[in-house]
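What follows is each chain in one-letter form.
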Amino acid sequence: MSGVEIAVELVALVVAVLLVTAAARKLDWSAPLCLIAVGVVASYVPGVPEYELDPEVVLLGLLPPLLYATAIRTSLIDFRRNRGPILLLSVGLVIFTTAAVGVVAWLVIPGLPLAAGLAIGAVVAPPDAVAATAVARKVGMPRKLTRLLEGESLFNDAAALVALRTAIAAIAGSVSLLQVGGDFLLAAGGGLVIGFAVGALAALIRTRLEDPVTDTALSLVVPFVAYLAAEAIHGSGVISVVVAGLILGHKAPSMLSGRSRLASRLNWQTIQFLLENIVFLLIGLQVRRIMTEVGDSGLTALELILICAATLTATIVTRIVWMAGIGLARRVFRRHAWPWRYSAVIAWAGMRGVVTLAAAFVLPADTPQRAVLVLVAFVVVAGTLLLHGTTLPVLVRRLKLPPPDPAEDALQEAAVLHDMTRAALEELDKIRTPEDPEDIVERLRSRLQHRSDSAWEELGRQSALTETPSDAYRRLRLRLLEVEREKFLEARDSGMADDDVLRRILERLDIEESMLDREEETVPDSDRELRTPAATAGSCKHLTKNWPPVEPSSPDVCAVCVENGMTWVHLRECVKCGNVACCDSSPGKHATEHFHDTLHPVMRSHEPGETWRWCFVDKQLG
């Protein structure tokens, strides 16, 4: 095949991915399912080239960057907090699925050795993170469940590939239990050591890099270095990549510049999008070749249907049984158990994907009934994507699991930004000198306070203003940016300035515009009460005090604002005397003024559905 033909095929794959994913998003369908379906249809179209999904290309060329892209966006703090449940899913469930599905395959496939059955069990054991978390975020699944599914997907591939390696060795000859345990410990230990080493070394180097392009280029190499180095010592390349990604993702805020983080984030999102979706399309394009090979197996169509149905059922049921067993064990031993609704969703979030099919092609050519095993792997991937992918959103809605609350997120954001702003203002007072122009200092103060006020303005469901000051600023500044960009285009077209100068100006405009963009958020449930989240709740003697109930001075207005003909953004209520006054984003700032006049330390939100409080003395949210 010539270079031109290869280039044309690659471009065709990318264009197909872009068209199918865009259509799926518009129709609100599952993109992985649509890509597989299009691939299946295309595989039977005359003239379409026969793509061969080389397992080495997937395991070495695609898996490391995909895992790394997920790992750098995974919170190391959350991973440590949930490490117990994650290990139960990523290791325990993989071993259980390998054994259970392996036995079923051994029983239903004629002439199949038990070792080969365990091999196909290992192949179908690891669920795919892409499909599960895509559904999770789409339907608004609780974040703890999303974190568990992401954590499971990061390490279950390693456990499954180690189990597959052991099963393949058993097909060729006898393997002792001691050898199995030794292989697993070597894979896990070697992967951890290499992952820590590569992550620490990469962090040390990237801390000293100032050029975003060089830093991003280095980040593209890290997953492959981690994978190859671990595999060279017979460790788990998957674990090595994940550990290195977790370390670098955790250290990114302190070791990289803002420009480097923005460039790296955008590049990895693009890489992940293209690789994930191209692989799903390639999975569908394998069908014609798989069916051709299965035709030589000597099995009837009915036997193949029964084999595939039995294996798919076993794959689904083992996950349900495992989750039920975990829930029962935790209750028996009086350990903190997940709510049964959480267990039900996790049990049903078992979509398989690229690793399953790639692992199936890893099976040696002389494996008994290899073509049938590859077909089984494809059916499990397609079947779980179809069954779980289409019904999981329905299950989540039926169980009425609470989605992430945008209002609670806004409260956490406001609290963190407030602390950051207070620290910055305190530092400004320390570092300013008499020579510093007063207008510059005041401009810094204004910008810092505006950012904090903007976050607080996102709270509340009623206001005397039709739009908050931050919304007005955003609306006006976006319009001004349009005018500035029009003038920029005139300067470019007339040759008024050098191209390098124009590019720097455009970069400034783009950065400022990106800071003004706001993602569309789901409107929170008006029946839910916005309390202080445990993660941001402060503890001081004023907040922990049991304040007696008092009658608010007004149901829905700031009396001082009304008296002076002013407007307000949100209302706050003094918990000691019930005085209702406007917030600090309002022109009057009468709630803070009330504190300075009376020294009453605590106020609460007076907005409907909000019960969070703020201590003026200790600057704590509680």
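Residues numbered from 1 in each chain as written. Predicted model: local features only at pLDDT ≥ 70, side-chain atom pairs only at ≥ 80, totals over all residues. Heavy atoms only, no water.

(A) Broad picture of the overall build of the protein. When you go through the protein residue by residue, the secondary structure sums to 24 helices and five strands. By principal-axis analysis of the C-alpha atoms, the protein measures approximately 90 × 75 × 45 Å. Across the 622 residues that make up the protein, the buried fraction comes to 46%. Partitioning the contacts of the protein with sequence separation of at least 6, the portion at a separation of at least 24 is 77%. Surface exposure of the protein reaches about 31,400 Å², of which carbon and sulfur atoms provide 62%. Taken together, the 60 basic and 69 acidic charged side chains of the protein have centroids lying 6 Å from each other. (Helix = DSSP H or I, 4+ residues; strand = E, 2+ residues; numbered from the N terminus. Buried < 20%, exposed > 50% of the residue type's maximum accessible area, 1.4 Å probe, protein only. Contact = heavy atoms within 4.5 Å. Areas by Shrake-Rupley, 256 points an atom, 1.4 Å probe, with all protein chains shown as cover. Lys, Arg positive; Asp, Glu negative; His and termini not counted. Charge placed at Lys NZ, Arg CZ, Asp CG, Glu CD.)

(B) Spatial organisation of a nonpolar patch on the surface. Where nonpolar side chains cluster on the molecular surface, the patch consists of Val103, Trp106, Leu107, Val108 and Leu114 and spans about 430 Å² of accessible area. With four residues, the single largest contributor to the nonpolar patch is helix H5 (residues 83–108). With respect to the helices and strands, the residue tryptophan 106 is situated in helix H5. Among the residues examined, tryptophan 106 registers a relative accessible area of 40% and is labelled partly exposed. (Patch = residues over 30% accessible without salt bridge, like charges linked within 9 Å, V, L, I, M, F, W, Y side chains within 5 Å. Salt bridge = Lys/Arg side-chain N within 4 Å of Asp/Glu carboxyl O.)

(C) Summary view of the packing of aromatic side chains. For the structure on display, the rule yields four aromatic pairs. Consider the rings of tyrosine 68 and tryptophan 268, whose centres lie 4.9 Å apart with planes at 55°: the pair is tilted. One end of the pair, tyrosine 68, is in helix H3 (residues 55–71); the other, tryptophan 268, is in helix H12 (residues 258–285), with 200 residues separating them in the sequence. Residue tyrosine 68 is classed as buried on the basis of its relative accessible area of 1%. By relative accessible area, which is 3% here, tryptophan 268 ends up buried. The side chain of lysine 545 reaches across the aromatic face of tryptophan 547, ending 4.3 Å from its centre. (Phe/Tyr/Trp six-rings, centres within 6.5 Å; stacked < 30°, edge-to-face > 60°. Lys NZ or Arg CZ within 6 Å of the ring centre and 35° of its normal.)

(D) Structural context of the nonpolar core. Core analysis: the largest hydrophobic core is formed by 116 residues, its most contacted members being Ile120, Val123, Met141 and Val345. Ranked by residues supplied to this core, first place goes to helix H17 (residues 370–398) with 13 residues. Ranked by size, the runner-up nonpolar core spans 14 residues in total, among them Leu417, Phe595, Met603 and Trp614. (Core = buried A, V, L, I, M, F, W, Y, C linked by side-chain atoms within 4.5 Å.)

(E) Focus on the sheet that holds strand S1 (residues 571–574). The strand order across the open sheet formed by five strands is S2-S1-S3-S4-S5, and the pairing between neighbours is antiparallel. The sheet is open, and its two edges are formed by strand S2 (580–582) and strand S5 (620–621), each paired on a single side. The pairing of S1 with strand S3 (residues 602–605) spans three bridges and is classified as antiparallel. Across the sheet, cysteine 574 pairs through a bridge with methionine 603, a residue of S3. Sheet strands touched by helix H24 (residues 590–598): S1 and S2. Its angle to S2, the strand with the most contacts, is close to 120°. (Pairing = 2+ DSSP bridges. Axes fitted to C-alpha atoms, helices over the stretch in contact; angles between N-to-C directions.)

(F) Representation of unusual backbone geometry. Look at histidine 234: it is not a glycine, yet its phi comes out positive at around 65°. Of note in this structure, glutamine 369 is not a glycine but carries a positive phi near 55°. As for its position among the elements, glutamine 369 is in the loop between helix H16 (354–362) and H17.

(G) Focus on the confidence of the model for the protein. Of the residues in the protein, 92% reach a pLDDT of 70 or more, and the chain-wide mean stands at 84. Within the protein, no element has a lower average pLDDT than helix H7 (residues 129–139), which sits at 65, and none a higher one than H24, at 94. Below a pLDDT of 50 lies the segment residues 519–526, which in the model reaches seven contacts outside its immediate sequence neighbourhood of four places, other chains included. (pLDDT = per-residue confidence, 0-100.)

(H) Geometry of the pattern of salt bridges. Going through the model one piece at a time under the given rule, you end up with 20 salt bridges. Arginine 445 is the partner of aspartate 429 in a salt bridge, and the nearest nitrogen-oxygen pair spans 2.3 Å. Remark: arginine 445 occurs in helix H19 (residues 438–457) and aspartate 429 occurs in helix H18 (residues 406–431); sequence separation between them is 16 residues. Judged by its relative accessible area of 44%, aspartate 429 falls in the partly exposed class. Between glutamate 512 and arginine 477 there is a salt bridge; the shortest N-O distance is 2.7 Å.

(I) Up close: helix H2 (residues 31–43). Taking 1.5 Å per residue, 13 residues should reach 18 Å; H2 reaches 18 Å between its end C-alpha atoms and fits that length. Contacts from the buried residues of H2 go to helix H1 (3–27), H12, helix H13 (287–294) and H17. (Expected span 1.5 Å × (residues − 1).)

(J) Structural view of the packing of H13 against H17. In contact at an axis separation of 8 Å, H13 and H17 are set at 140° when each is read in the N-to-C sense. In this structure, the crossing between H13 and H17 has a hand that is left-handed. Between H13 and H17, the contacting residues are Val287, Ile290, Met291, Glu293 and Val294 on the first element and Arg370, Ala371, Val372, Val374, Leu375 and Phe378 on the second. Among the residues forming the contact of H13 with H17, the class breakdown is nine nonpolar, no polar and two charged. (Left-handed = near helix turned anticlockwise from the far one by under 90°. Nonpolar A, V, L, I, M, F, W, Y, C, P; charged D, E, K, R; others polar.)

(K) Region of the structure containing the environment of glutamate 457. Residue placement: glutamate 457 occurs in helix H19. When its relative accessible area of 6% is taken as the criterion, glutamate 457 is described as buried. Apart from the residues lying within four places of it in its own chain, the contact partners of glutamate 457 are Thr468, Pro469, Ser470, Val569, His570 and Ser585.

(L) Broad picture of the side chain of histidine 418. For histidine 418, the position within the fold is in helix H18. In contact with histidine 418, other than residues within four places in its own chain, are Ser452, Trp456 and Trp614.

(M) Broad picture of the pairing of S1. Alternating residues of S1 divide into Leu571 and Glu573 and Arg572 and Cys574, and every residue in both groups is buried. Relative to S2, S1 is paired through three bridges, and the arrangement is antiparallel. Bridge pairing links glutamate 573 to valine 580 in S2. Hairpin connection, S1 to S2: the antiparallel pair is bridged by five residues, and glycine 578 has positive phi, about 85°.

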